[in-house]
Amino acid sequence: MATTIFDTLQAAREIERAGLERAQAEAIVQAIKQHGEDAVAKILAALKSEIWKAAFTATGIIVAALAVAAGTLLAALN
């Protein structure tokens, strides 16, 4: 999986060039970095949860299909 690196120094310099003071630019960049990481962590946790739900659903469907097949086979043998 590709990793995107957020260049905080470059971002702060760009904000500073836009007219804000260095301290303001740095505070904005740190807030973006922190909240961006939090958002990614939340998205990954939700995705992991959905993957587990899908896996359990698929497992349940397979088990049910095997039970039906076994029942059909036993009925045919009797």
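Preceding this paragraph is the structure being described.
These lines cover the structure that appears in this document, whether it is placed above or below. Just so it is clear, the structure is predicted and the values come from calculations on it, not from any experiment.

For the chain, the helix and strand inventory stands at two helices and zero strands. When its C-alpha atoms are laid out on the principal axes, the chain stretches across 85 × 20 × 10 Å. Out of the 78 residues belonging to the chain, those deemed buried represent 6%. Accessible surface computed for the chain: about 6600 Å², of which carbon and sulfur atoms make up 68%.

Further remarks concern the nonpolar core. Counting five residues, the largest nonpolar core is built from Ala11, Ala12, Ile15, Ala25 and Val29. Counting only elements with at least two residues in this core, the list comes to helix 1 (8-17) and helix 2 (22-77). The biggest single contributor to this core is helix 1, with three residues. Beyond its immediate stretch of four places on either side in the chain, Ala11 contacts Phe6 and Val29.

Turning to the pattern of salt bridges, a few remarks are in order. The tally for this structure, following the rule as stated, stands at two salt bridges. The closest approach of N and O atoms between Arg22 and Glu16, which form a salt bridge, is 3.7 Å. The shortest N-O distance in the salt bridge between Glu50 and Lys53 comes to 3.3 Å. Highlighted residues: Glu50 and Lys53, both in helix 2, separated by three residues, approximately one helical turn. Since its relative accessible area comes to 45%, Glu50 is described here as partly exposed. For Lys53, a relative accessible area of 47% gives the class partly exposed.

What counts and how
- Residues numbered from 1 in each chain as written.
- Predicted model: local features only at pLDDT ≥ 70, side-chain atom pairs only at ≥ 80, totals over all residues.
- Heavy atoms only, no water.
- Helix = DSSP H or I, 4+ residues; strand = E, 2+ residues; numbered from the N terminus.
- Buried < 20%, exposed > 50% of the residue type's maximum accessible area, 1.4 Å probe, protein only.
- Areas by Shrake-Rupley, 256 points an atom, 1.4 Å probe, with all protein chains shown as cover.
- Core = buried A, V, L, I, M, F, W, Y, C linked by side-chain atoms within 4.5 Å.
- Contact = heavy atoms within 4.5 Å.
- Salt bridge = Lys/Arg side-chain N within 4 Å of Asp/Glu carboxyl O.

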